[in-house]
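Each chain is listed here by its residues.
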Amino acid sequence: LMVAMEDYEEEGQSGLTQHLGTLGLVSAEDSPKPPRAVIFIHCDPGANLEYLAEHGIRINQATGRVRTAFLPLTSLGVLSEDPAVQRIIPSQYMRLRMDVAPGKVNLPTFATASGLSGQGVVVGVVDTGIDPNHPAFRGRILRLWDQVLPGPGVPEGDYGVELRGPMLGVSRDTDGHGTHVAGIAAGADDVFGGVAPGADLVVVKSTLQDAHIADAVRYIFRVARELGRPAAINLSLGGHGDAHDGSDSLCQIIDAESGPGRIICCAAGNEGNANIHAQVTARRGRRRTVRFQVPAPIGSRAVRTGILNGWYSGNDSIR
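We now turn to the structure provided with this report.

The rules behind the values
- Residues numbered from 1 in each chain as written.
- Predicted model: local features only at pLDDT ≥ 70, side-chain atom pairs only at ≥ 80, totals over all residues.
- Heavy atoms only, no water.
- Buried < 20%, exposed > 50% of the residue type's maximum accessible area, 1.4 Å probe, protein only.
- Helix = DSSP H or I, 4+ residues; strand = E, 2+ residues; numbered from the N terminus.
- Pairing = 2+ DSSP bridges.
- Core = buried A, V, L, I, M, F, W, Y, C linked by side-chain atoms within 4.5 Å.
- Contact = heavy atoms within 4.5 Å.
- Salt bridge = Lys/Arg side-chain N within 4 Å of Asp/Glu carboxyl O.
- Phe/Tyr/Trp six-rings, centres within 6.5 Å; stacked < 30°, edge-to-face > 60°.
- Expected span 1.5 Å × (residues − 1).

1. Regarding the pairing of strand E10 (residues 200–205)
Next up, step 1: Burial runs high along E10: six of the six residues are buried.
Next up, step 2: Residues Asp200, Val202 and Val204 point to one face of E10 and Leu201, Val203 and Lys205 to the other, with burial holding for every one of them.
Next up, step 3: Across six bridges, strand E7 (residues 122–127) lies against E10 in parallel orientation. Looking at the pairing, Val123 lines up with Leu201 of E10.

And the structure:
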C-alpha cells in the first residue's frame, strides 16, 4: 500500500497501473476523488472507528477483530496512526478454481442410500454470479448480492445491490463459472443434477477480492440465520498471497464464522502438480539461492511479470 501511495503521489493515476492486478484498488481516471484500496483492518474487537469517515475511510463492520474497509490512498497515514489499528492489509484478487468428479466420490450411491437432497438447507455460492433463469435453479434462489453493480449494499458492506424475486435477472454471470459451480452444488436436473438439488440458494456475485469474499461469507450466514436454516458455503477459488497456514485475514474470518450448521467448503488440490513452491533452510550468516522462471506474457500483456512471496518465522531477520 505504501508503494502504491508513493507511486500515486509521484506519477498520479498512471503510477497505479502496475498495482491494479495485485492490489484491490478502485481507481477511476475521470474521477476527482483519490483512488481507494479495499483493505482488511486488524483492530481491537470493540474499537469505534466511525470518526475515520471524516477522512473518507469507509469501514464495513462496526465490530470485530478483523474488518474490511475502503481506504483512500491519501488517508493511509491517518489510518496507520490510529492506536486501535494493529494491521492494515490490502485486499488481493483470487482466482477461480473448480474440478468436478461426482462419480469418483460416490455421490450417486450416497444420494440413493441416504435419501438426502439438501431440502431445508441454504447452499451459498460466492463466485461470478449465477444464471437466475436456468431451469436447474427455478424458484430456489432466495437472494443474490451482486457486489459489482452499484447500489446501497447490505449490512455486511455498503456496496453492490441485493436482489430478490423478479429482480434477480438484473445480475448476470458473464463468466459462467458461478453458474457451473451452483449447478454442481445444487442444480436440479434428472441427468445433470448437483449434490443438493433440494436446497435453496443464496448467491454472491463477487469482485473476487478476498476482503469482499469475507463480506460474502458473513452475508450468507446472516441470511441463513434469519431464515432459521443451516448453511453450506462453496468457495471454488484460491490464491497464493498468504502463508497457506490459516493465519491470513480471510481464513481468520472463516474460522470465526463457521461452526455447527455453518459449513464452508473451499477448492483444494487444483494446483497440486504445479511447481510453484520452494523451501530452503538458511543458516545464520549464510546465503541461499532459489531459481525460478518468470512466465511468458499471456495475451496482450507485453511485460513478463513474476510475483514472489516469502514466508518465515517472525523471530528471524532476513534480507
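2. Looking at the nonpolar core
One broad trend across soluble globular proteins is that nonpolar side chains are buried collectively.
Next up, step 1: Ranked by internal contacts, the top residues of the largest apolar core, which has 32 residues, are Val126, Tyr219, Ile220, Ile233 and Leu235.
Next up, step 2: At the level of secondary structure, the elements contributing two or more residues to this core comprise strand E2 (36–43), strand E4 (66–72), E7, E10, helix H5 (210–227), strand E11 (231–235) and helix H6 (249–257).
Next up, step 3: Among the elements that line this core, the one with the most residues is H5, at 10 residues.
Next up, step 4: Every residue in contact with Ile220, bar those within four places of it in the chain, is listed here: Val122, Gly124, Val125, Val126, Val202, Val204 and Ile233.
Next up, step 5: Of all hydrophobic cores here, the second largest spans 22 residues; its members include Leu1, Ala47, Leu52 and Ala69.

3. Quick notes on the pattern of salt bridges
A side chain with one charge may pair with a side chain of the opposite charge, provided their charged atoms come close.
Next up, step 1: Overall, the coordinates contain eight salt bridges when judged by the stated rule.
Next up, step 2: Here Arg58 ties to Asp158 by a salt bridge, and the two come within 2.6 Å at their closest N and O atoms. Linking Arg58 in strand E3 (residues 58–59) with Asp158 in the loop between strand E8 (141–146) and strand E9 (161–163), this pair joins segments that are 100 residues apart in sequence.
Next up, step 3: Residue Arg58 is classed as partly exposed on the basis of its relative accessible area of 29%.
Next up, step 4: The partly exposed category is assigned to Asp158, whose relative accessible area is 38%.
Next up, step 5: Here Arg143 makes a salt bridge to Glu226, at a shortest N to O gap of 3.8 Å.

4. Observations regarding the packing of aromatic side chains
Each aromatic ring pair is summarised here by two numbers: the centre-to-centre distance and the angle between the ring planes.
Next up, step 1: Within the structure shown, the criterion is met by three aromatic pairs.
Next up, step 2: Both rings, one in Trp145 and one in Tyr159, keep their centres 5.3 Å apart while their planes meet at 45 degrees; by these two values the pair is tilted. Placement of the pair is Trp145 in strand E8 and Tyr159 in the loop between E8 and E9, with a sequence separation of 14 residues.
Next up, step 3: What makes Tyr159 buried here is its relative accessible area of 7%.
Next up, step 4: Through a chain of ring-to-ring contacts, the aromatic side chains of Phe70, Trp145, Tyr159 and Tyr219 assemble into a single cluster.

5. Topic: H5
Next up, step 1: Taking 1.5 Å of rise per residue, 18 residues should cover 26 Å, and H5 covers 26 Å from first to last C-alpha, within 8% of that figure.
Next up, step 2: Burial runs high along H5: 15 of the 18 residues are buried.
Next up, step 3: Among the residues trailing H5, Gly228 stands out with phi positive, at a value near 70 degrees.

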